[in-house]
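Residue-level structure breakdown
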Amino acid sequence: MRRYAALLAIPVVLAAQQPADAPALAKALESLKATNAWTVDRQVALCEVASPPYKESARAEAFRREMVAIGYPAARIDEIGNVVTEVKGTGRGPTVMIAGHLDTVFPEGTNVKVTRDGDRLKGAGIGDDCRGLAVVLSTARAVKQAGLNFAGRVIFVANVGEEGAGNLRGTRHLLDTSYKGQVDYFISVDGAGESITSRAVGSNRYNVHFLSPGGHSYGAFGMPNPIHAMGRAIAAIGDIQVPLSPKTTFNVGVVSGGTSVNSIAMEGVMDVDMRSESADELAKVDVKIRKAIDDAVTAEKARWPRSSKALTVRIDTIGIRPTGAQSDSAPLVRAALATARQLGLKPTLGASSTDANYPISIGVPGITIDGGGDGGGAHSISEWYEDGAAGYLGPQWALRLIATLAGVAP
Ligand SMILES: [Zn+2]
């Protein structure tokens with residue numbers, strides 16, 4: 001909202017009386033409905049190209065080729081692996097970036113075959129975020145086919161690194177490097193449904209190592225034990241109090257360590273995740289968790305005062321996602337609500353941890369919208385997606401939102 005304050009009025013106009021769509025916009029919207037089967041086909045095809053964390057290049061190349069095939073020969077893969085396609089406007093409007101994410105949570109070797117059971121598609125990542133990729137792709141195609149021109153610049157993106165340890169690296173790169181200071185609105189399309197994520201849940205994630213020289217469980221008995229120390233830490237973490245509102249959470253999600261039943265382990269390792277809608281509360285729970293870890297090491301050492309064996313702890317950062325507040329009445333949020341309602345969708349506003357966290361945290365208006373249709377089981381291999389009778393409303397929503405923000409050129 002730096003240079004385009006006039007847009008403040010647009011969602012209000014939409015809510016009052018619907019002006020007729022510009023002919024090219026109407027044509028593009030119509031083509032999204034008419035070619036809906038193509039959209040779903042592309043969703044399946046892209047999903048069957050495996051895209052594990054940090055190994056998104058095959059799916060990125062498949063997406064780039066699709067962009068070239070639908071009429072964007074300049075679609076390119078950037079330094080970090082994002083697929084970027086720019087559509088220059090007439091230069092009289094803001095820059096809108098719309099992105100789906102390439103990466104999945106599934107490791108290499110996961111079966112990515114998509115099966116069809118009637119209207120239901122089943123496959124790892126079919127909703128999160130092959131749906132988003134299909135929405136971005138079909139929207140770009142409709143723009144091209146209808147000869148729709150925007151006043152502003154629209155940048156279609158398939159980005160890397162949304163999930164987990166990816167730590168939003170694709171979005172960070174776009175907003176910090178290639179398009180630093182140039183993006184006026186950032187829209188992520190992520191998953192199925194019709195909801196809007198307008199607030200950013202922050203998270204801190206750590207990989208905590210409790211370390212000792214290890215030893216024989218009988219012969220070396222009497223020394224601090226890293227797995228026992230980790231147990232003490234987990235018990236203390238389990239008792240941490242957090243507020244219900246702003247929602248704040250914590251989780252020890254993965255534990256490992258040790259080599260055999262009769263060895264004092266050299267290492268106990270746990271992955272810890274904490275989240276909050278409030279940066280203050282996130283910082284508070286972070287302090288409590290670090291204290292629980294330090295106290296556990298102290299207590300385990302105190303348990304064996306005569307031992308000279310070391311017990312240390314190392315905390316590696318898996319990911320830090322910033323928290324961010326964005327008003328429900330921000331122009332981007334209002335535009336997303338208004339364009340959804342115009343299509344008969346009933347969006348809700350919520351908080352989550354998505355690619356929009358990053359723009360929100362640096363003050364760039366950002367939002368995540370669902371891609372239409374229906375789905376469930378995200379992050380599991382039983383993930384499913386159903387296009388239903390109105391799946392095409394997802395891409396139509398994305399297109400209406402872009403057109404509202406970027407403005408349609410006469
Ligand atoms: Zn996702």
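Residues numbered from 1 in each chain as written. Predicted model: local features only at pLDDT ≥ 70, side-chain atom pairs only at ≥ 80, totals over all residues.

**Side note on the overall build of the protein**
Of the regular secondary structure elements, the protein holds 11 helices and 18 strands. Rg of the C-alpha trace for the protein: 24 Å, near the compact-globule value of 22 Å for 410 residues, within the 12% margin. A principal-axis box enclosing the C-alpha atoms of the protein has dimensions of 85 × 40 × 35 Å. By the burial criterion, 50% of the 410 residues in the protein qualify as buried. Expressed as a percentage of contacts within the protein between residues at least 6 apart in sequence, the contacts between residues at least 24 apart total 80%. (Helix = DSSP H or I, 4+ residues; strand = E, 2+ residues; numbered from the N terminus. Rg over C-alpha atoms; globule rule 2.2 N^0.38 Å. Buried ≥ 20, exposed ≤ 12 C-beta atoms within 10 Å, placed from the backbone. Contact = placed C-beta atoms within 7 Å.)

**Focus on the domain arrangement of the protein**
Partitioning the protein into structural domains gives domain 1 (5-200 + 323-406) and domain 2 (202-321). A straight line from the C-alpha centre of domain 1 to that of domain 2 covers 38 Å. Counting residues at the interface gives 10 residues for domain 1 and 11 residues for domain 2. (Domains from an automatic or database assignment.)

**Examining the sheet that holds strand 9 (residues 202-211)**
Strand order in the open sheet formed by four strands is 11-13-9-14, and the pairing between neighbours is antiparallel. Each edge of the open sheet carries a strand with a single partner, namely strand 11 (248-257) and strand 14 (312-321). Across the sheet, the axes of successive neighbouring strands diverge by a mean angle of 15°, strand direction being ignored. Its contacts with the sheet place helix 8 (residues 279-303) against strand 9, strand 11, strand 13 (267-276) and strand 14, and it is angled at close to 160° to strand 13. (Pairing = 2+ DSSP bridges. Axes fitted to C-alpha atoms, helices over the stretch in contact; angles between N-to-C directions.)

**What about the nonpolar core?**
Core analysis: the biggest nonpolar cluster contains 81 residues, and M97, I98, V136, V157, I187 and I402 have the highest contact counts within it. No other element matches helix 5 (residues 130-146), which puts 10 residues into this core. Residues within four places of I98 in sequence aside, it is in contact with V136, V154, F156, V157, I187, V189, A398 and I402. F210, M223, I264 and M270 belong to the second largest nonpolar core, which has 24 residues in total. (Core = buried A, V, L, I, M, F, W, Y, C linked by C-beta atoms within 7 Å.)

**Section: the sheet that holds strand 2 (residues 83-87)**
The strands making up a sheet associate through backbone hydrogen bonding, with each pair oriented either parallel or antiparallel. Reading across from one edge, 1-2-6-3-7-16-8-15 is the order of the eight strands in this open sheet, with mixed pairing throughout. In the strand order of this sheet, the two ends are held by strand 1 (76-77) and strand 15 (349-352), each with one partner. Across the sheet, helix 9 (residues 331-342) lies against strand 7 (185-189), strand 8 (196-200), strand 15 and strand 16 (366-369), angled at about 25° from strand 16, the strand it touches most.

**Description of the packing of helix 3 (residues 36-47) against helix 5**
Contact pair helix 3 / helix 5: the axes reach a minimum separation of 8 Å and the direction vectors enclose 130°. As the angle between them shows, helix 3 and helix 5 are arranged oblique. In this structure, helix 3 meets helix 5 at a crossing whose hand is right-handed. Contacts between helix 3 and helix 5 involve T39, R42, Q43, L46 and C47 on the former and, on the latter, C130, R131, L133, A134, L137 and S138. (Parallel < 35°, antiparallel > 145°, perpendicular 65-115°, else oblique. Left-handed = near helix turned anticlockwise from the far one by under 90°.)

**Overview of the pairing of strand 6 (residues 153-159)**
Burial runs high along strand 6: seven of the seven residues are buried. The alternating pattern of strand 6 places R153, I155, V157 and N159 on one face and V154, F156 and A158 on the opposite face, and all of these are buried. For strand 3 (residues 95-101) and strand 6, the ladder comprises seven bridges, and the chain directions are parallel. The partner of G100 across the bridge, within strand 6, is A158.

**Let's talk about the confidence of the model for the protein**
Counting all residues, the mean pLDDT for the protein is 94, and 96% of those residues have values of 70 or more. Counting interchain partners and residues more than four positions distant, the pLDDT-below-50 stretch residues 1-16 has 18 contacts. (pLDDT = per-residue confidence, 0-100.)

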